[in-house]
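Summary of structural features
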Amino acid sequence: MTQKSTAILDLGNGSDPIELPILSGTMGPDVVDIRTFHARSGMFTYDPGYLSTASSRSGITFIDGDEGILLYRGYPIEQLAMNCDFTEVCYLLMKGELPDRDQKSTFDNAIKGHSMLHEQLVKFYTGFRRDAHPMAVMVGVVGALSAFYHDAMDITEASHRELSALRLIAKLPTITAMAYKYNIGQPFIYPRNDLSYSENFLHMMFAVPAEEYKPSPVIVRALDRILILHADHEQNASTSTVRLAGSSGANPFACISAGIACLWGPAHGGANEACLNMLEEIGDVSRIDEYIKRAKNKDDNYRLMGFGHRVYKNFDPRAKLMRETCHEVLNELGLHNDRLFKLALELERIALEDEYFISRKLYPNVDFYSGIVQRALGIPTTMFTAIFAMARTVGWVAQWSEMISDPEYKIGRPRQLYTGTIMRDITT
Ligand code: SDX
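Note that this is a predicted model, so its numbers are computed, not measured.

The rules we used
Residues numbered from 1 in each chain as written. Predicted model: local features only at pLDDT ≥ 70, side-chain atom pairs only at ≥ 80, totals over all residues. Heavy atoms only, no water. Helix = DSSP H or I, 4+ residues; strand = E, 2+ residues; numbered from the N terminus. Rg over C-alpha atoms; globule rule 2.2 N^0.38 Å. Buried < 20%, exposed > 50% of the residue type's maximum accessible area, 1.4 Å probe, protein only. Contact = heavy atoms within 4.5 Å. Areas by Shrake-Rupley, 256 points an atom, 1.4 Å probe, with all protein chains shown as cover. Lys, Arg positive; Asp, Glu negative; His and termini not counted. Charge placed at Lys NZ, Arg CZ, Asp CG, Glu CD. Pairing = 2+ DSSP bridges. Polar contact = N/O pair within 3.5 Å; in protein donor to acceptor, adjacent residues only side chain to side chain. Core = buried A, V, L, I, M, F, W, Y, C linked by side-chain atoms within 4.5 Å. Domains from an automatic or database assignment. Near = heavy atom within 4 Å. Salt bridge = Lys/Arg side-chain N within 4 Å of Asp/Glu carboxyl O. Expected span 1.5 Å × (residues − 1).

Remarks on the overall build of the chain
When helices and strands are counted, the chain shows 18 helices and six strands. Relative to a compact globule of 428 residues, whose C-alpha radius of gyration would be 22 Å, the chain shows 23 Å and is just as compact. The principal-axis extents of the C-alpha atoms in the chain amount to approximately 80 × 60 × 60 Å. With 428 residues in all, the chain has 49% of them scored as buried. Partitioning the contacts of the chain with sequence separation of at least 6, the portion at a separation of at least 24 is 69%. With the model as given, the accessible surface of the chain reaches about 21100 Å², and the carbon-plus-sulfur share is 53%. A distance of 3 Å separates the average location of the 43 positive side-chain charges in the chain from that of its 52 negative side-chain charges.

Structural notes on the pairing of strand 2 (residues 18-24)
For strand 2, the buried fraction is high: five of the seven residues fall into the buried class. The pairing of strand 1 (residues 2-9) with strand 2 spans seven bridges and is classified as antiparallel. In the strand pairing of strand 2, Thr2 is matched with Ser24. Strand direction decides the pairing type here: strand 2 and strand 3 (residues 31-32), joined by two bridges, are antiparallel. For Leu23, the partnering residue across the bridge sits in strand 3 and is Val31. Where strand 2 folds back on strand 3, the antiparallel hairpin that results is connected by six residues, among which Gly28 adopts a positive phi of roughly 85°.

Here's the deal with the side chain of Asn365
Locating Asn365 in the fold gives a position in the loop between helix 16 (355-359) and helix 17 (366-376). Of note is the side chain of Asn365, whose polar atom sits 2.8 Å from the backbone nitrogen of Asp367.

Structural notes on the nonpolar core
Judged by nonpolar contacts, the single largest core of 119 residues is most densely connected at Leu304 and Leu347. Here this core gathers at least three residues from each of two domains, domain 2 (75-269 + 383-405) and domain 3 (273-376). The contact partners of Leu304, leaving out residues within four places of it in the chain, are Met278, Tyr291, Ile292, Ala295, Leu347, Ala351 and Phe357. With six residues, the next largest nonpolar core counts Ala7, Ile18, Leu20 and Ile22 among its residues.

Topic: the site of the ligand
Taken together, 25 residues sit near the ligand, with His233, Lys298, His309, Arg318 and Arg392 positioned nearest. Contact between the ligand and His233: an oxygen atom at 2.5 Å from a side-chain N or O atom of the residue. Within the side chain of Asn365, one N or O atom sits 3.0 Å away from an oxygen atom of the ligand. Starting from 1100 Å² of accessible surface for the ligand in isolation, the protein chains cover 78%.

Concerning the domain arrangement of the chain
Structurally, the chain comprises domain 1 (2-54), domain 2 (75-269 + 383-405) and domain 3 (273-376). Computed over C-alpha atoms, the centres of domain 1 and domain 3 are 39 Å apart.

With respect to the pattern of salt bridges
Applying the stated criterion to the full structure yields 22 salt bridges. Measuring nitrogen to oxygen at the nearest pair gives 2.7 Å for the salt bridge that ties Arg243 to Glu402. Pair noted here: Arg243 is in helix 10 (residues 237-246) and Glu402 is in helix 18 (residues 384-404), with a separation of 159 residues, a long-range link. The exposure classification of Arg243 matches that of Glu402, with both residues buried. Between Arg375 and Asp338 there is a salt bridge, with its nearest N and O atoms 2.7 Å apart. With a gap of 37 residues between them, Arg375 in helix 17 and Asp338 in the loop between helix 14 (317-332) and helix 15 (339-352) connect regions that are remote in the sequence. Residue classification places Arg375 among the partly exposed positions, given a relative accessible area of 29%. Each of the salt bridges in this network shares a partner with another, and the network as a whole consists of Asp33, Arg35, Arg57, Asp406 and Glu408.

Describing the sheet that holds strand 1
The strands making up a sheet associate through hydrogen bonds between their backbones, and the pairing can be parallel or antiparallel. Strand order across the open sheet formed by three strands is 1-2-3, with antiparallel pairing between neighbours. Of all strands in the sheet, those with a lone pairing partner are strand 1 and strand 3, marking the two edges.

Regarding helix 11 (residues 252-263)
Here helix 11 spans 16 Å end to end across 12 residues, near enough to the 16 Å set by a 1.5 Å rise per residue. Within the sequence span of helix 11, burial applies to Pro252, Phe253, Cys255, Ile256, Ser257, Gly259, Ile260 and Leu263. As for helix 11, its buried residues are in contact with helix 6 (134-148), helix 7 (158-184), helix 10 and helix 18.

So, the sheet that holds strand 4 (residues 61-64)
Strands sit in the order 4-5-6 across an open sheet of three strands; the sheet is antiparallel. Both outer strands of the open sheet, strand 4 and strand 6 (75-76), are each paired with one neighbouring strand and no more. The pairing of strand 5 (residues 69-72) with strand 6 spans two bridges and is classified as antiparallel. Within the sheet, the bridge partner assigned to Leu71 lies in strand 6 and is Pro76.

Comments concerning the pairing of strand 5
Note that strand 4 and strand 5 share four bridges and pair antiparallel. When the sheet's bridge partners are listed, Ile63 is paired in strand 5 with Leu70. Adjacent in sequence and paired antiparallel, strand 4 and strand 5 are bridged by four residues, among which Gly68 carries a positive phi angle near 65°. The antiparallel pairing of strand 5 with strand 6 creates a hairpin that spans two residues between the two strands, and Arg73 there sits at a positive phi of about 50°.

Take a look at the structure:
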């Protein structure tokens, strides 16, 4: 981070103009450093939703929303999705470099060594109703992990942060699959160390004590790609939640639980489930115009799920890769005439030709096709966001660890523009 120049701010109240450093990173927009602004002006800056705010410095993920570029530690997402598996990407996000053969083998074995849950935690599931949404279960169970890993943890120790990260990356597939099994009333299936990360997850999801589940390599590869595409995404709402929770020094398992809670919202990670439900509701190409009209109607807060993005004002590169994966999986499974996929392609075509979407730069995002792929893999709609959380856990914990190890970090404490009642006395 270097100072490139200086911004001069005249507050228009007769006070001396304020000089603010302009800082540059290695890529992307410069920033105006306003850390001393309140002390020198008595004012706050105002940016609800943080549309123009860089909340942190980070070297993990880079997004160029106008160009539709997404890099993990400098590598384009397209190259990672085609050439790596998910645990290689986990290693990259956490350590900054892709692993060599030995490093990958050691990392994979370390993950396998932490994939089981404490049996007491397994009992935690029975406290939920069988029809509890899997995301409610994930919030509860991941939060409960903080009760099992707390006393001996010193988050200022890099080795303790690494162990917490390994435990989270390793246990999330087990926790996620168990949420599904509990929901459908089947017995929990324990992880197996002879399987890859994605194979193991599919095993825990779909095997039963009476019968093994052997997924096709195409399905394993498709799930692995879905996990890679969802692994991290800069300072999105749930990652910012994890950082803010973690900035108080809170237990990392509790912080990841907070991230899961935030991801659940339909404006964020919940959009993949909402998008598939929307496609089911539209039902037929003939009804697309009716829904496009609703999405454009200012008096109707209806939005096309899977469209638009706070940062991407071009195609979300993940949506393109997800659409390709859709083609591959549906063709492999003989579902190339899948009704919803054809509906999604037509909805995308019509929306991208519509002035309302063009003028607002509303393109399909990562959630638009991910639901169709997951449904083709046999994953139930209610599990889509849980799988997003499972994938994003590595991004959350990598960003959390980067923050804790940054000497500049402080507890996050935004201020406000007060618009309430002015000071007054109680009159008896
Ligand atoms: C994710 O941040 C991340 O990185 C998130 C994520 C990640 O990997 O972590 O990428 C994952 O959350 C993807 C987004 C998934 N959400 C959805 O698909 C839900 C539908 N999308 C919208 O809710 C919306 O596009 C957001 C929330 C995603 C983005 O909101 P913005 O940038 O704040 O957009 P906006 O509300 O300022 O909208 C600008 C205009 C508005 O119209 P006008 O007031 O200008 O007339 O675009 C319209 C909006 O009404 N608009 C839409 C729309 N999204 C925005 N109109 C119809 N359908 C939509 N989907």
